[in-house]
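Below, each chain spelled out in residue letters.
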Amino acid sequence: MTDATLVLNAGSSSLKFALYPNEDGSPSPILHGKIAGIGNAPQFSARDAKGNTLPPDASMPLKPCAGHDELIPQLLDWLQSHQSGLTITAAGHRVVHGGRNHATPVRINQALLAELDLLVPLAPLHQPHNLAAIRAVAAVIPELPQVACFDTSFHRTQERLAQLIPLPRKMTEAGIIRYGFHGLSYDYIASTLPMHLGERAQGRVIVAHLGNGASLCAMNKRRSVATSMGFTALGGLMMGRRCGSIDPGVLLYLMDNQGMTTRDLEHLLYHESGLLGVSGVSNDMAVLQASDAPEAREAIELFCYRTAGELTSLATANGGLDAIVFTAGIGENCALVRSLICERLGWLGVELDPDANIRNATHISSTASKIEVLVIPTDEESVIARATYRLSSACT
Ligand code: ADP
């Protein structure tokens with residue numbers, strides 16, 4: 001009988017899952033998969049440790065409009081039927097917002113859930129799904145230990161100035177501060193830096209997490225010093241569908257002169273802007289790269305222009321720059337984006353090796369580059385698995 005930890009990453013339209021063996025160190029997943037298209041036409045996919053596709057159960061039709069509360073019991077049934085001889089001893093969840101109080105993962109109980117419910121308005125598009133997944137697991141296996149791993153935790157090491165928003169002090173006290181996100185990805189990358197950079201891992205590193213959501217994190221001694229996302233996952237870099245930071249006067253203008261409501265603005269800023277809004281073609285970087293439309297090229301250029309600008313601002317916050325790490329879907333796979341960003345950083349002494357960049361090699365800077373540039377695939381699930389195993393076994 002093998003004991004395993006279940007990792008769940010519940011988003012608005014997808015549920016990623018993975019099973020890890022309960023081992024110390026850096027175990028690989030026994031299996032991993034995804035239910036995509038939630039709320040519309042859910043599709044199930046899963047692979048074993050060797051990358052072989054695992055079939056869904058014939059007896060497991062996914063209802064078109066099923067939410068996490070219906071899909072998670074089906075997923076738990078599927079895991080049991082496909083992994084006989086395996087016992088799930090704990091579940092770990094990605095939770096986007098942990099507020100100010102949680103700098104580390106925590107065991108979930110009713111009091112914590114009530115506290116995390118209060119943070120829903122700060123991450124309305126993510127937090128409700130994260131919490132729904134926790135409740136759905138508890139409904140099926142109430143006695144299973146569950147652990148919450150927060151995307152905000154990694155940034156709680158930042159100095160106060162990096163977390164302040166220049167609004168009246170009473171609003172800061174009420175929690176309107178820069179929390180930062182993508183912390184599980186940054187935590188993973190930080191853990192791999194010594195292997196790739198040796199002593200220089202302790203230096204001034206900026207990690208560019210460029211996926212559908214995108215942000216930068218400046219690290220010193222592998223701890224977060226500053227980050228581009230702030231109060232919500234809307235700020236900072238331009239993203240697939242999100243605008244990133246814009247002049248707040250634009251919002252006042254749209255409300256006053258175009259009659260837009262709060263919900264209209266939410267839709268515009270979260271779903272209709274970014275790469276999609278600028279290109280009018282797609283939110284997907286691979287699609288834009290393949291497109292001949294000049295607007296698609298302009299969207300890519302703007303994405304890189306703004307990322308390079310934000311990166312230099314974070315280098316200032318960090319007192320200099322020793323290395324840049326690209327990660328997540330775009331950062332790991334898109335040589336064009338990496339080269340356009342690094343060209344703009346040439347004045348800092350950044351220079352890529354074009355062949356290494358095209359190959360998505362780990363070290364992509366030239367030997368003459370003053371700043372090391374790397375590509376490191378992220379692995380948020382393994383961070384959640386390790387923390388969940390550690391916390392759940394400590395309490396048994
Ligand atoms: P999420 O934030 O949803 O986890 P990902 O990290 O999977 O997103 O990143 C998705 C983005 O990565 C998409 O814009 C996709 O086009 C881009 N991407 C993935 N592979 C490539 C590729 N080979 N070339 C260009 N872009 C890519």
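Analysis parameters
Residues numbered from 1 in each chain as written. Predicted model: local features only at pLDDT ≥ 70, side-chain atom pairs only at ≥ 80, totals over all residues. Heavy atoms only, no water. Helix = DSSP H or I, 4+ residues; strand = E, 2+ residues; numbered from the N terminus. Rg over C-alpha atoms; globule rule 2.2 N^0.38 Å. Buried < 20%, exposed > 50% of the residue type's maximum accessible area, 1.4 Å probe, protein only. Areas by Shrake-Rupley, 256 points an atom, 1.4 Å probe, with all protein chains shown as cover. Salt bridge = Lys/Arg side-chain N within 4 Å of Asp/Glu carboxyl O. Pairing = 2+ DSSP bridges. Axes fitted to C-alpha atoms, helices over the stretch in contact; angles between N-to-C directions. Contact = heavy atoms within 4.5 Å. UniProt positions renumbered as here; feature names shortened; annotations may be inferred. Polar contact = N/O pair within 3.5 Å; in protein donor to acceptor, adjacent residues only side chain to side chain. Near = heavy atom within 4 Å. Nonpolar A, V, L, I, M, F, W, Y, C, P; charged D, E, K, R; others polar.

What about the overall build of the protein?
(1) Moving on: What the protein contains, in helices and strands, is 15 helices and 13 strands.
(2) Moving on: Against the compact-globule benchmark of 21 Å for 396 residues, the protein has a radius of gyration of 21 Å, which places it among compact chains.
(3) Moving on: Once the C-alpha set of the protein is aligned to its principal axes, its extents read approximately 60 × 55 × 45 Å.
(4) Moving on: Here the protein holds 396 residues, and 51% of them are scored as buried.
(5) Moving on: When the accessible surface of the protein is totalled, it reaches about 18,000 Å², and 52% of it is carbon and sulfur.

Considering the pattern of salt bridges
(1) Moving on: Counting across every chain of the model gives 7 salt bridges.
(2) Moving on: The shortest N-O distance in the salt bridge between R94 and D151 comes to 2.6 Å. Of this pair, R94 sits in strand β6 (residues 86–95) while D151 sits in the loop between β8 (146–150) and α4 (160–163), placing them 57 residues apart in sequence.
(3) Moving on: R94 gets classed as buried once you look at its relative accessible area, which sits at 16%.
(4) Moving on: When its relative accessible area of 1% is taken as the criterion, D151 is described as buried.
(5) Moving on: A salt bridge links E372 to R200; the shortest N-O distance between them is 2.6 Å. Placement of E372 in strand β13 (residues 372–375) and of R200 in the loop between α6 (183–197) and β9 (204–210) is noted, with a sequence separation of 172 residues between them.
(6) Moving on: Overall, the relative accessible area of 17% leaves E372 in the buried class.
(7) Moving on: Because the salt bridges share partners, they merge into one network encompassing R94, D151 and E380.

What about the sheet that holds strand β12 (residues 323–327)?
Two pairing modes exist for strands in a sheet, parallel and antiparallel, and in both the strands are linked by backbone hydrogen bonds.
(1) Moving on: Strand order in the open sheet made by the 5 strands is β11-β10-β9-β12-β13, with mixed pairing throughout. The sheet is open, and its two edges are formed by β11 (223–227) and β13, each paired on a single side. The mean inter-strand angle of the sheet, taken between neighbouring strand axes irrespective of direction, is 25 degrees.
(2) Moving on: Direction of pairing for strand β10 (residues 214–220) relative to β11: antiparallel, over a ladder of 4 bridges. Paired with N220 across the bridge in β11 is R223.
(3) Moving on: Sitting on the sheet, helix α11 (residues 294–317) touches β9, β10, β11 and β12, and the angle it makes with β10 is about 20 degrees.
(4) Moving on: Strands β9, β12 and β13 of the sheet are contacted by helix α13 (residues 335–344), whose axis makes an angle of about 155 degrees with β12.

Focus on the UniProt feature "binding site: substrate" (unreviewed entry) in the protein
(1) Moving on: According to UniProt, the feature "binding site: substrate" (unreviewed entry) maps to R94 in the numbering used here.
(2) Moving on: For R94, the contacting residues outside a window of four places in its chain are L8, N9, N130, C149, D151, H182, L184, E380 and I384.

Quick look at the UniProt feature "site: Transition state stabilizer" (unreviewed entry) in the protein
(1) Moving on: With numbering aligned to this structure, UniProt lists the feature "site: Transition state stabilizer" (unreviewed entry) at H182 and R242.
(2) Moving on: With respect to the helices and strands, the residue H182 is situated in the loop between α5 (169–173) and α6.
(3) Moving on: A residue is classified by how much of its surface remains accessible, and H182, at 7% relative accessible area, is buried.
(4) Moving on: Every residue in contact with H182, bar those within four places of it in the chain, is listed here: R94, D151, H209, G213, A214, S215 and M229.
(5) Moving on: Considering the arrangement of structural elements, one finds R242 in the loop between β11 and α7 (248–258).
(6) Moving on: Since its relative accessible area comes to 14%, R242 is described here as buried.
(7) Moving on: Within the structure, R242 has its side chain in polar contact with the backbone oxygen of A233 (distance 2.7 Å).

Digging into the site of the ligand
(1) Moving on: As a structural note, the neighbourhood of the ligand is formed by 13 residues, with N212, D284, M285, A286 and G329 the closest of them.
(2) Moving on: Between the ligand and G213, the relevant distance is 3.4 Å, taken from an oxygen atom to a main-chain nitrogen or oxygen of the residue.
(3) Moving on: Here an oxygen atom of the ligand and a backbone polar atom of M285 are 3.0 Å apart.
(4) Moving on: Only α10 (285–290) and α12 (328–333) provide two or more residues apiece to the shell around the ligand.
(5) Moving on: If one sorts the elements of the shell around the ligand by residue count, α12 sits on top with 4 residues.
(6) Moving on: Here the residues of the shell around the ligand sort into 5 nonpolar, 6 polar and 2 charged.

Some remarks on the pairing of β12
(1) Moving on: Taken across its 5 residues, β12 has 5 buried, putting it largely inside the fold.
(2) Moving on: Residues A323, V325 and T327 point to one face of β12 and I324 and F326 to the other, with burial holding for every one of them.
(3) Moving on: Across 5 bridges, β9 lies against β12 in parallel orientation. Counted as the bridge partner of A208 is F326 from β12.

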